[in-house]
Amino acid sequence: MFIKKIFFDTETSGLNCRHCQIIELAMITVVDGEIVDQFDEFIKCEKPLPSKITKITGIDDETLEREGLPEKDVAKHLKGMFDEDALMIAHNAQFDLSFVYYLLKRHFPDEADDLVKKMDWLDTLTVLKDRKEYPHKLIDAVKYYEVDEVNFHRAIDDTKALYNVYYKLKEERDDLLEYKNVFGFNPKWGINGKRFPFIKYYPQYYHRGGMVPADRILPNHDG
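All of these numbers come straight from a predicted model, not from anything done at the bench.

Student: Lay out the side chain of Glu11 with the relevant residues and their values.
Tutor: Structurally, Glu11 is set in strand S1 (residues 4-12). One buried charged residue, Glu11, forms no salt bridge at all, with the nearest opposite charge on Arg154 at 6.4 Å. Polar contacts involving the side chain of Glu11 include one to the main-chain amide nitrogen of Arg154, which spans 3.4 Å. Those residues within four positions of Glu11 in sequence are excluded, and the remaining contacts are Gln21, Ile22, Ile23, Glu24, Thr57, Ile59, His153, Arg154, Ala155 and Asp158.

Set out below in structure tokens:
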């Protein structure tokens with residue numbers, strides 16, 4: 001049982017985790033079921049944002065320059081938060097974990113691998129694919145579970161929605177921790193981003209009908 005859970009989401013300057021940057025990072029920290037901290041910061045970007053990113057997120061270069069923190073400051077904050085008792089939770093966690101890793105790698109090249117390895121990771125997208133038919137975006141989960149809609153494509157709002165969806169998933173069937181460090185991927189596209197040795201990756205196909213039976217969920221792939 002994890003005493004601390006950290007729900008998190010990123011907005012990024014593009015899709016390539018090696019060459020693009022996080023421009024907004026949001027985290028909600030929950031200890032013993034209570035929200036104890038919220039973090040939401042813009043991050044300065046080395047290159048001008050593509051117009052399509054501004055159109056999607058509403059974040060522009062002026063906002064990042066005026067309100068953004070230096071990336072190194074955010075890396076230091078993350079380093080301080082990462083401890084062995086925390087479970088990191090994201091929707092499509094492979095994407096967010098990859099970006100977090102390369103952020104840390106740029107500033108703590110000798111420590112980044114150990115920092116992300118000591119955490120445990122939960123992907124609600126993988127869980128949702130075992131529960132519902134396509135589509136499986138966070139906005140779809142919000143609709144499936146009748147969670148209040150938010151301003152999607154802003155990290156803090158997505159994180160608030162994620163927090164509510166997690167507890168709806170848990171209420172529906174309390175097997176979420178079986179998905180710890182288990183990421184499903186679409187076999188048509190393969191694994192995007194960095195492949196992490198501490199994550200078990202399994203091909204996950206779309207299914208029809210209701211929830212996958214408990215004995216056939218993805219974490220039982222080998223069993």
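Student: Please provide a residue-by-residue account of the packing of aromatic side chains, values included.
Tutor: By the definition in use, this model includes 13 aromatic pairs. Plain terms: the ring middles of Tyr163 and Tyr167 are 5.1 Å apart, the flat faces sit at 70 degrees to each other, and that makes the pair edge-to-face. In this pair, Tyr163 and Tyr167 are both assigned in helix H8 (residues 155-172), four residues apart and thus about one turn of the helix distant. Here a set of aromatic residues connected by ring pairs shows up, and it is made of Phe7, Tyr163, Tyr166 and Tyr167. A cation sits over an aromatic face here: Lys194 above Phe196, 5.7 Å from the ring centre.

Student: Tell me what's going on with the state of the cysteines, and back it up with residues and numbers.
Tutor: Applying the stated criterion across every chain yields a total of zero disulfides. Considering cysteine sulfurs only, Cys45 is the nearest to Cys20, which forms no disulfide, with 8.1 Å between them.

Student: Can you tell me about the layout of surface pockets, naming the residues and giving the values?
Tutor: Volume-wise, the largest pocket comes out at about 1500 Å³. Of all elements in the fold, only S1, helix H1 (51-57), helix H4 (93-107), helix H6 (124-129), helix H7 (138-144) and strand S6 (182-185) reach the threshold of two or more residues within the lining of the largest pocket. A per-element tally of the lining of the largest pocket places H4 first, with five residues. Across the lining of the largest pocket, the residue classes break down as 19 nonpolar, 19 polar and nine charged. Roughly 260 Å³ of internal volume is contained in the second largest pocket.

Student: Could you give an account of unusual backbone geometry, naming the residues involved and the relevant values?
Tutor: Residues Tyr134 and Pro135 are joined by a peptide bond in cis, for which omega reads 10 degrees. In this fold, Pro135 is placed in the loop between H6 and H7. Phi angles above zero are rare outside glycine, and Asp32 is one such case at about 50 degrees. Looking at where Asp32 falls in the secondary structure, it is placed in the loop between strand S2 (22-31) and strand S3 (34-42). Look at Asp32 and you get exposed, because its relative accessible area is 61%. At Asn92, a residue that is not glycine, the phi angle is positive and equals roughly 70 degrees. On the secondary structure map, Asn92 appears in the loop between strand S4 (86-90) and H4.

Student: Please provide a residue-by-residue account of the pattern of salt bridges, values included.
Tutor: With the rule as written, the count across this model stands at 10 salt bridges. Arg154 is the salt-bridge partner of Glu24, the closest N and O atoms lying 3.0 Å from each other. With Glu24 in strand S2 and Arg154 in the loop between H7 and H8, this pair connects stretches of sequence that are 130 residues apart. The residues Glu24 and Arg154 share a single accessibility class, namely buried. The salt bridge involving Lys105 is made with Asp113; its shortest N-O contact spans 3.0 Å. Classification of Lys105 as partly exposed rests on a relative accessible area of 28%. Using a relative accessible area of 35% as the deciding quantity, one classes Asp113 as partly exposed.

Student: Could you give an account of the sheet that holds strand S5 (residues 120-123), naming the residues involved and the relevant values?
Tutor: Judged by pairing direction, the sheet is mixed, and its five strands sit side by side in the order S3-S2-S1-S4-S5 without closing on themselves. The strands lining the two open edges of the sheet, one partner per strand, are S3 and S5. Shown here is a sheet whose adjacent strand axes are inclined to one another by a mean of 20 degrees, direction ignored. Along the sheet, helix H3 (residues 71-81) contacts S1, S2 and S3; its crossing angle with S2, the most-contacted strand, is approximately 25 degrees. Sitting on the sheet, H4 is in contact with S1, S2, S4 and S5, with an inclination near 80 degrees to S1.

What counts, and where the lines are drawn
- Residues numbered from 1 in each chain as written.
- Predicted model: local features only at pLDDT ≥ 70, side-chain atom pairs only at ≥ 80, totals over all residues.
- Heavy atoms only, no water.
- Helix = DSSP H or I, 4+ residues; strand = E, 2+ residues; numbered from the N terminus.
- Buried < 20%, exposed > 50% of the residue type's maximum accessible area, 1.4 Å probe, protein only.
- Lys, Arg positive; Asp, Glu negative; His and termini not counted.
- Salt bridge = Lys/Arg side-chain N within 4 Å of Asp/Glu carboxyl O.
- Polar contact = N/O pair within 3.5 Å; in protein donor to acceptor, adjacent residues only side chain to side chain.
- Contact = heavy atoms within 4.5 Å.
- Phe/Tyr/Trp six-rings, centres within 6.5 Å; stacked < 30°, edge-to-face > 60°.
- Lys NZ or Arg CZ within 6 Å of the ring centre and 35° of its normal.
- Disulfide = S-S within 2.5 Å.
- 1 Å grid on protein atoms, 1.4 Å probe; cavity = no way out; pocket = protein on both sides within 12 Å on 5 of 7 lines; lining within 4 Å.
- Points joined across faces, edges and corners; volume = space filled by probe spheres on them.
- Nonpolar A, V, L, I, M, F, W, Y, C, P; charged D, E, K, R; others polar.
- Pairing = 2+ DSSP bridges.
- Axes fitted to C-alpha atoms, helices over the stretch in contact; angles between N-to-C directions.

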